[in-house]
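Survey of secondary and tertiary structure
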Amino acid sequence: MTPVPTLDLEDARLLVLTGAGVSAESGLATFRDSNGLWEQHDVQDVASPEGFERDPRLVWKFYSLRREQAKTVQPNAGHRALADVEKRLQDRFMLVTQNIDGLHQRAGSDRVIEIHGSLFRTKCSRCDRAPFDDQALYLEGALPVCRVCEGAGHEALLRPDIVWFGEMLDQGHLRAIDAFMRRDPGSPSVFLAVGTSGVVWPVAGLVNLARSLGASTCLVNAEPADNTSRFHSFVQGKSAEVLPALFGLNRAGH
Ligand SMILES: NC(=O)c1ccc[n+]([C@@H]2O[C@H](COP(=O)([O-])OP(=O)(O)OC[C@H]3O[C@@H](n4cnc5c(N)ncnc54)[C@H](O)[C@@H]3O)[C@@H](O)[C@H]2O)c1
Ligand SMILES: [Zn+2]
């Protein structure tokens, strides 16, 4: 790990973006470390609307296994460091995660935007009823259907509430991030990206927005990301080791 500076967060707002790397030390595989495959699957098969249309059974099996797996792992020191800094900064803190595993919330983070959705919510593939909490596993047998659509005489499958490749991000989420970044112009702000390869757009472009609004920007990643050059500073290392140091949580008396 490269030497870790301590972030100066006195009076600053902090926007953190996390990716699959933050959960790697909890035992969840990232895409990048498996050559762009997600648990041996081509992402287009399990993380696109076309993949779901082709083979909904495979997709539900995949996310059911992810649901099971996420429950067997624990948040790590990186997740905990972010929950800790949130307690200190309160409304000067916002966490945007691309992860769908729920580990940030389990570590105690509250101000979390799950920009790519959640493993533990389900929605309809056809109607716009609100997504609902769901821990169910669909490993075999009948696939879940939407009762609202059924009542209206349509057949529609339920699907995971995940933003798949080719799908739009939630506009409400984007507005909330934008408002947070533009709040109190003139006051210092920091944008920190952690454990994300910087290849999945439009989230990979958040660093550009942050810079254009005057934020200082820092990347923490195990290896250089695709957009490393966009950041003012890059700390190469594992998030569970780097984040506590970056927030000064390793100092005596803390
Ligand atoms: N845990 C999850 O929820 C999970 C897991 C896999 C994929 N996904 C989905 O895949 C998409 C992938 O994009 P992404 O950029 O988040 O992931 P990615 O897999 O593309 O990149 C992960 C990055 O993290 C780095 N990394 C690996 N271990 C690390 C560690 N211990 N500390 C710091 N960095 C580490 C890697 O070098 C890599 O650059 C996301 O949209 C997400 O929804 C989610
Ligand atoms: Zn429906």
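Just so it is clear, the model here is predicted, and its values are computed rather than measured.

Comments concerning the coordination of the zinc ion (ligand 2)
Here the zinc ion (ligand 2) is held by the protein donor atoms Cys-124 (SG), Cys-127 (SG), Cys-146 (SG) and Cys-149 (SG), which lie 2.3 Å from it. Each of the 4 donor atoms bound to the zinc ion (ligand 2) contributes to angles spanning 105 to 116°, and the resulting shape is tetrahedral. For the zinc ion (ligand 2), all donor residues lie on one chain, and their spacing in sequence is C-x2-C-x18-C-x2-C. Taken together, the residues Cys-127 in the loop between strand S6 (117-124) and strand S7 (132-133) and Cys-149 in helix H7 (residues 147-151) connect sequence positions 22 residues apart.

Some details on a nonpolar patch on the surface
Residues Leu-65, Leu-137 and Leu-139 make up a contiguous nonpolar surface patch of about 200 Å² in total accessible area. Positionally, Leu-137 belongs in the loop between S7 and H7. On the accessibility criterion, Leu-137 (35% relative accessible area) is partly exposed.

Regarding the pattern of salt bridges
As enumerated under the stated definition, the model contains 10 salt bridges in all. Where Glu-86 meets Arg-111, a salt bridge forms, and the shortest distance between an N and an O atom there is 3.9 Å. Separated by 25 residues along the polypeptide, Glu-86 in helix H5 (residues 77-89) and Arg-111 in the loop between helix H6 (103-106) and strand S5 (112-114) bring together distant segments of the chain. Arg-159 is paired through a salt bridge with Glu-167; the nearest N and O atoms lie 2.8 Å apart. On the basis of relative accessibility, which here comes to 27%, the residue Glu-167 falls in the partly exposed class. Overlapping salt bridges, with partners in common, bring together Glu-114, Arg-121, Lys-123 and Asp-161 in one network.

A short note on the pairing of strand S9 (residues 189-194)
Two faces make up the sheet, and in a regular strand the side chains alternate between them. Counting buried positions over the 6 residues of S9 gives 6, a clear majority of the element. On S9, burial covers both faces: Ser-189, Phe-191 and Ala-193 on one face and Val-190, Leu-192 and Val-194 on the other are all buried. Taken together, the 6 bridges between strand S1 (residues 13-18) and S9 define a ladder with parallel strand orientation. What sits directly across from Thr-18, in S9, is Val-194. Handedness of the S9-helix H9 (residues 206-212)-strand S10 (residues 216-221) crossover: right-handed.

Here's the deal with the packing of aromatic side chains
A full pass over the atoms with the stated rule returns 5 aromatic pairs. Seen in terms of ring centroids, Phe-52 and Trp-164 are 5.5 Å apart; in terms of plane orientation they differ by 40°. Their pairing is tilted. One end of the pair, Phe-52, is in helix H3 (residues 49-54); the other, Trp-164, is in the loop between strand S8 (158-162) and helix H8 (171-182), and 112 residues separate them in sequence. Neither Phe-52 nor Trp-164 differs from the other in exposure class; each is buried. Residues Tyr-63 and Trp-164 carry aromatic rings whose centres are separated by 6.3 Å and whose planes lie at 35° to one another, so their mutual orientation is tilted. Of this pair, Tyr-63 sits in helix H4 (residues 56-72) while Trp-164 sits in the loop between S8 and H8, placing them 101 residues apart in sequence. Each member of the pair, Tyr-63 together with Trp-164, is buried. The rings of Phe-52, Phe-62, Tyr-63 and Trp-164 are connected pair by pair, giving a single aromatic cluster.

The rules behind the values
- Residues numbered from 1 in each chain as written.
- Chains lettered and ligands numbered in written order.
- Predicted model: local features only at pLDDT ≥ 70, side-chain atom pairs only at ≥ 80, totals over all residues.
- Heavy atoms only, no water.
- Donors = N, O, S within 2.8 Å, 3.2 Å for Na, K, Ca; no water.
- Tetrahedral: all angles 85-135°; square planar, octahedral: opposite > 155°, others 65-115°.
- Helix = DSSP H or I, 4+ residues; strand = E, 2+ residues; numbered from the N terminus.
- Patch = residues over 30% accessible without salt bridge, like charges linked within 9 Å, V, L, I, M, F, W, Y side chains within 5 Å.
- Areas by Shrake-Rupley, 256 points an atom, 1.4 Å probe, with all protein chains shown as cover.
- Salt bridge = Lys/Arg side-chain N within 4 Å of Asp/Glu carboxyl O.
- Buried < 20%, exposed > 50% of the residue type's maximum accessible area, 1.4 Å probe, protein only.
- Pairing = 2+ DSSP bridges.
- Right-handed = clockwise from strand over helix to strand, strands pointing away.
- Phe/Tyr/Trp six-rings, centres within 6.5 Å; stacked < 30°, edge-to-face > 60°.

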